[in-house]
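Tertiary structure, described
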Number of protein chains: 2
Amino acid sequence: MPKRPARKSAYHHGDLRNALIQAGTRLLRHVGLDDLSLRRVAKEAKVSPAAPYRHFPDKHALLAAISERGFHSLHARLEAARAASPGDLDASGQAYLAFALAEPETYRLMFTKNVLCEGEPPESLQEAGRQAFQSLVATIAEGQASGRIARRDADQLALGAWALVHGVAMLIIDGALDREPYNQLPPGHLLSACQAIFREGWRTLP
Amino acid sequence: MPKRPARKSAYHHGDLRNALIQAGTRLLRHVGLDDLSLRRVAKEAKVSPAAPYRHFPDKHALLAAISERGFHSLHARLEAARAASPGDLDASGQAYLAFALAEPETYRLMFTKNVLCEGEPPESLQEAGRQAFQSLVATIAEGQASGRIARRDADQLALGAWALVHGVAMLIIDGALDREPYNQLPPGHLLSACQAIFREGWRTLP
DNA sequence: TGTACATCAGTGAACGCGCGTTCACTGATGTAC
DNA sequence: TGTACATCAGTGAACGCGCGTTCACTGATGTAC
């Protein structure tokens, strides 16, 4: 009874909730977060401005749903990286960055709290975020188990790795690295350089 | 002839350009970037909605000026940290974070490109950003000169240090760390933990 | 299988709002004589 | 020192716009008989 195929009467859409999330994601790609309005998403989905209210209580809820789907994509990429290179923290970081740069405005949305909700974020969104983060944690645990990663506090390692890659991603997305000497290198190399320091440390050895 | 003292006729303000930048900074603190409009800034400065156009060609220019002042403040904090602890990269990072958390919405503005301008950012804003960044670079140079920081590529060290602290700052500002176990620690400790890894490295030693 | 009907996902017009920006104006200022 | 005047930083009303949201409605759907 649910899960109607997309092709129906054109009056009843059949899968509008999903279509709105996809339309929103597409608009993020093409017009950006600042110009994303409920009305534009409705238009992109070829539906009247009031139609989204059948599926989302308000604009925040739609944005939260788009963001949630973003976290699922991110999670999928991290899991793929983990499957390909278990315990390889640098590979996970590169996969993370690849997502952020493939969908920069979705990524920005995912980390812009006030736009996603007023007050507490919906539980399902929080859960999606936790899931993606857990993938990072799992990589670290694997790395520690195999002896490649030192047995430091895993929460701290996860935070550090996350902050580093998030920082690089945001700096690139916001254009802060569009200048000498950083604009001479592809993003993956910029991250690699940061990862090398994070792996080796910057202190002088005795 | 320029630099009129603030108290004049109340019709001619005397120093409106500055007053607008301050009013904007105050509003960022109290209502946030999303609700910052030219009209609100004018109102906060007790001036008509058209008055700002005597000093800024458009809204972007006012925001860029606010942002520029933000970079000057950040630069001042970094220089103070450097004077107090030359060559201490961790101290610089803490000073950086302190600024970001003291003025979170100004900080967010400073790194939100599309809001600051369309197309190229104004030269003076870019220069202010470079200046702040150079303070970090100088700290690294000092640290290398005194032998505390390894003689790696300084550009890479600067990028890594910047990305790490920017990442931590953004994650905190956007509420991504408002959950277990990270919400149990003050921001400075979270950063310290990340800095420890960045300093020592996470690899296992032979 | 065929028909009557309740459901509810959509429509489209309308609302009030705050926005960035413009325009003709006003009146305080500092300068020239 | 005193007055006429050009300058230009402000005013306040107005513009057109797109926004989020509401409402009474319409018509396709699936179900009960």
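Residues numbered from 1 in each chain as written. Chains lettered and ligands numbered in written order. Predicted model: local features only at pLDDT ≥ 70, side-chain atom pairs only at ≥ 80, totals over all residues. Heavy atoms only, no water.

What about the overall build of chain A?
Applicable threshold: Secondary structure follows DSSP: runs of H or I at least 4 residues long count as helices, runs of E at least 2 residues long count as strands, and numbering of each begins at the N terminus. Relative accessibility decides the category of a residue: with a 1.4 Å probe and only protein chains considered, values under 20% of the type maximum give buried, values over 50% give exposed, and everything between is partly exposed. By the convention used here, residues are in contact when the closest approach between their heavy atoms is within 4.5 Å. A positive count includes Lys and Arg, and a negative count includes Asp and Glu. His and the chain ends are not counted in either. To locate a charge, take NZ of a lysine, CZ of an arginine, CG of an aspartate or CD of a glutamate.
If you tally the helices and strands in chain A, you get nine helices and zero strands. Starting at the N terminus, the α and β elements of chain A follow one another as α-α-α-α-α-α-α-α-α. Taken along the three principal axes of its C-alpha coordinates, chain A extends 70 × 40 × 35 Å. Out of the 206 residues in chain A, the part that is buried amounts to 51%. Within chain A, counting contacts between residues at least 6 apart in sequence, those at least 24 apart form 66% of the total. Distance between charge centres in chain A, computed from 25 positive and 22 negative side chains, equals 8 Å.

Some remarks on the relation of the copies chain B and chain A
Worth spelling out the cut-off: When the copies are superposed, the least-squares fit draws on C-alpha atoms of residues that have pLDDT of at least 70 in both.
In screw terms, the move from chain B to chain A is a rotation of 180° and a rise of 0.0 Å along the axis, fitting with an RMSD of 0.0 Å. Expressed as a symmetry operation, the mapping of one chain copy onto the other fits a two-fold axis. With an isologous cut-off of 70% or more, the 100% of interface residues of chain B that recur at the interface of chain A puts this contact in the isologous class.

Examining the interface of chain B and chain A
So the rule is basically this: Salt bridges are defined by distance alone: a side-chain nitrogen of Lys or Arg within 4 Å of a carboxyl oxygen of Asp or Glu. Two N or O atoms form a polar contact when they lie within 3.5 Å of each other; inside protein one atom must be a possible hydrogen donor and the other a possible acceptor, and for residues adjacent in sequence the pair counts only when both atoms belong to side chains. Amino acids are sorted into nonpolar (Ala, Val, Leu, Ile, Met, Phe, Trp, Tyr, Cys and Pro), charged (Asp, Glu, Lys and Arg) and polar (every other residue, Gly among them).
Counting from both sides, the interface comprises 51 residues of chain B and, opposite them, 51 residues of chain A. We note a salt bridge from Arg 203 of chain A to Glu 200 of chain B, for which the minimum N-O separation is 3.1 Å. Between chain B and chain A we count 16 residue pairs in polar contact (both at pLDDT 80 or more) in total. The biggest single contributor to the side of chain B that touches chain A is helix H8 (residues 154–173) of chain B, with 14 residues. Along the lines of polarity and charge, the residues of the side of chain B that touches chain A split into 26 nonpolar, ten polar and 15 charged.

What to know about the side chain of Ser 135 of chain B
All names here are of chain B. Its location among the elements puts Ser 135 in helix H7 (residues 123–145). Classification of Ser 135 by relative accessible area gives buried; the value is 2%. Setting aside chain neighbours within four positions, we find Ser 135 in contact with His 75, Leu 78, Glu 79 and Arg 82.

Remarks on the pattern of salt bridges
For the coordinates displayed, the defined rule picks out 26 salt bridges over all chains. Across the pair Asp 88 of chain B and Arg 148 of chain B runs a salt bridge whose closest N-O atoms are separated by 3.9 Å. With Asp 88 of chain B in the loop between helix H3 (59–84) and helix H4 (89–102) and Arg 148 of chain B in the loop between H7 and H8, the pair connects residues that are 60 residues apart, well separated along the chain. A relative accessible area of 42% places Arg 148 of chain B in the partly exposed class. Notably, a salt bridge pairs Glu 123 of chain B with Arg 130 of chain B, separated by 2.7 Å at the nearest N-O pair. Overall, the relative accessible area of 48% leaves Glu 123 of chain B in the partly exposed class. Classification of Arg 130 of chain B as partly exposed rests on a relative accessible area of 28%. Among the ionic contacts, a cluster of salt bridges with common partners joins Asp 90, Arg 199 and Glu 200 of chain A together with Arg 203 of chain B.

Things to note about the side chain of Glu 105 of chain B
In this fold, Glu 105 of chain B is placed in helix H5 (residues 104–110). Judged by its relative accessible area of 13%, Glu 105 of chain B falls in the buried class. A distance of 2.8 Å separates the side chain of Glu 105 of chain B from the backbone nitrogen of Leu 33 of chain B, its partner in a polar contact. For Glu 105 of chain B, the contacting residues outside a window of four places in its chain are Asn 114 of chain A together with Leu 28, Gly 32 and Leu 33 of chain B.

Quick word on the packing of helix H7 (residues 123–145) of chain A against helix H8 (residues 154–173) of chain A
Residue and element names in this part refer to chain A. Note the threshold: Working convention: axes come from line fits to C-alpha atoms, limited for helices to the stretch in contact. Angles between N-to-C directions cover 0 to 180 degrees. Small angles under 35 degrees read as roughly parallel and large ones over 145 as roughly antiparallel, with 65 to 115 read as roughly perpendicular and the rest as oblique. Working rule for handedness: look at the near helix, and if it is turned counterclockwise from the far one by less than a right angle, call the crossing left-handed; if clockwise, right-handed.
Contact geometry of H7 with H8 gives a least axis separation of 10 Å together with a crossing angle of 120°. Judged by the angle between their axes, H7 and H8 are oblique. As for the relative orientation of H7 and H8, their crossing is right-handed in sense. Here Phe 133, Leu 136, Val 137, Ile 140 and Gln 144 of H7 lie close against H8, whose contacting residues are Ala 154, Leu 157, Ala 158, Ala 161 and Trp 162.

Things to note about a negative patch on the surface
Convention followed: Residues qualify for a patch when their relative accessible area is over 30% and they have no salt bridge, like charges being joined within 9 Å and the nonpolar side chains of Val, Leu, Ile, Met, Phe, Trp and Tyr within 5 Å. Note that accessible areas follow from Shrake-Rupley with a 1.4 Å probe, and for residues the cover is restricted to the protein chains shown.
Taken together, Asp 34 and Asp 35 of chain A together with Asp 34 and Asp 35 of chain B make up a surface patch of like negative charges. Its place among the elements puts Asp 35 of chain A in the loop between helix H1 (16–30) and helix H2 (38–44).

Some thoughts on the confidence of the model for chain A
As a reminder of what qualifies: As a per-residue measure, pLDDT tells how confident the predictor is, with possible values from 0 to 100.
Per-chain confidence: chain A averages 94 in pLDDT, with 95% of residues scoring 70 or above. The low-confidence segment residues 1–8 of chain A (pLDDT under 50) makes four contacts with residues lying over four places distant or belonging to another chain.

What to know about unusual backbone geometry
Apart from glycine, the bulk of residues carry a negative phi angle, and the bulk of peptide bonds sit in the trans form. All names here are of chain A. Put simply, Glu 180 and Pro 181 share a cis peptide bond, and its omega is -5°. In this fold, Pro 181 is placed in the loop between H8 and helix H9 (187–200). Positive phi outside glycine occurs at Lys 46, with the angle close to 60°. Position of Lys 46 among the secondary structure elements: in the loop between H2 and helix H3 (59–84).

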